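Structural overview
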Amino acid sequence: MPNIDPSDFPPNRPHIHPQDVEKVVEKLKLHLNGEVNEFECVYRIKGSNDKWRWILDKGKVVSSNAAGYPIRMTGAFKDIHQIKKPKAI
């Protein structure tokens with residue numbers, strides 16, 4: 001993945017929980033390198049109220065340049081906080 005500054009990867013890095021960044025980076029690299037057909041990852045992201053929310057993030061490269069490097073990706077994420085957060089006993 002040429003010309004990518006690791007501090008800017010993934011693009012939403014400042015919003016990802018610090019404990020989850022490595023997992024997101026590894027799964028995204030697998031997809032961008034063509035090792036898996038789709039990107040899929042569950043991780044925490046900072047919400048508008050500065051609280052962490054669990055999300056399911058899915059995406060797929062939809063176009064590449066002439067050299068075969070991904071240049072465009074599309075996807076969606078879903079808030080799964082209610083099913084992921086620990087239950088009170």
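Shown above is the structure to which this text applies.
Just so you know, these numbers come straight off a predicted model, no measurement behind them.

The next subject is the packing of aromatic side chains. Tallied over the entire structure, the rule returns zero aromatic pairs. Over the aromatic face of Trp 54 sits the side chain of Lys 84, whose NZ or CZ is 4.9 Å from the ring centroid.

It is worth spelling out helix 1 (residues 21-32) at this point. Taking 1.5 Å per residue, twelve residues should reach 16 Å; helix 1 reaches 16 Å between its end C-alpha atoms and fits that length. Regarding helix 1, the residues found buried are Val 21, Val 24, Val 25, Leu 28, His 31 and Leu 32. For helix 1, the angular spread of the buried residues around the axis is 130 degrees, confining them to a single face. As for helix 1, its buried residues are in contact with strand 1 (39-46), strand 2 (52-64) and strand 3 (70-79).

Attention now moves to the pattern of salt bridges. In total, this model carries three salt bridges according to the counting rule given. Among the salt bridges present, the one from Asp 20 reaches Arg 44, with a minimum N-O distance of 2.8 Å. Of this pair, Asp 20 sits in the segment before helix 1 while Arg 44 sits in strand 1, placing them 24 residues apart in sequence. Neither Asp 20 nor Arg 44 differs from the other in exposure class; each is buried. The closest approach of N and O atoms between Asp 79 and Arg 53, which form a salt bridge, is 3.1 Å. Note that Asp 79 is positioned in strand 3 and Arg 53 in strand 2, a separation of 26 residues in sequence. Under the relative-accessibility criterion, Asp 79 is labelled partly exposed at 41%.

Our focus in this paragraph is the sheet that holds strand 2. Spatial strand order, 1-2-3: three strands in an open sheet with antiparallel pairing. Strands at the two margins of the open sheet, each flanked by one partner only, are strand 1 and strand 3. Strand-to-strand twist of the sheet, defined as the mean angle between neighbouring strand axes without regard to direction, takes the value 35 degrees. Pairing of strand 2 with strand 3, which is carried by nine bridges, proceeds in the antiparallel orientation. Bridging from a neighbouring strand, Ile 55 pairs with Asp 79 of strand 3. Packed on one face of the sheet, helix 1 meets strand 1, strand 2 and strand 3 and runs near 150 degrees to strand 1.

Here we take up the environment of Lys 58. One can find Lys 58 in strand 2. Residues Lys 58 and Phe 77, spaced 19 residues apart in sequence, show a C-alpha to C-alpha distance of 6.0 Å. Here Lys 58 is in contact with Phe 39, Glu 40, Thr 74, Gly 75 and Ala 76, once residues within four sequence places are set aside.

A separate point is the nonpolar core. Core analysis: the biggest nonpolar cluster contains twelve residues, these being Phe 9, Ile 16, Val 21, Val 24, Val 25, Leu 28, Leu 32, Phe 39, Cys 41, Tyr 43, Ile 45 and Ile 55. Of all the secondary-structure elements, those providing two or more residues to this core are helix 1 and strand 1. Ranked by residue count, the leading element in this core is helix 1, at five residues. Look past the residues within four positions of Val 24 in its chain and what remains in contact with it is Pro 10, Ile 16, Phe 39, Cys 41 and Tyr 43.

Thresholds, definitions, all that
Residues numbered from 1 in each chain as written. Predicted model: local features only at pLDDT ≥ 70, side-chain atom pairs only at ≥ 80, totals over all residues. Heavy atoms only, no water. Phe/Tyr/Trp six-rings, centres within 6.5 Å; stacked < 30°, edge-to-face > 60°. Lys NZ or Arg CZ within 6 Å of the ring centre and 35° of its normal. Helix = DSSP H or I, 4+ residues; strand = E, 2+ residues; numbered from the N terminus. Expected span 1.5 Å × (residues − 1). Buried < 20%, exposed > 50% of the residue type's maximum accessible area, 1.4 Å probe, protein only. Arc of directions from axis to C-beta. Contact = heavy atoms within 4.5 Å. Salt bridge = Lys/Arg side-chain N within 4 Å of Asp/Glu carboxyl O. Pairing = 2+ DSSP bridges. Axes fitted to C-alpha atoms, helices over the stretch in contact; angles between N-to-C directions. Core = buried A, V, L, I, M, F, W, Y, C linked by side-chain atoms within 4.5 Å.

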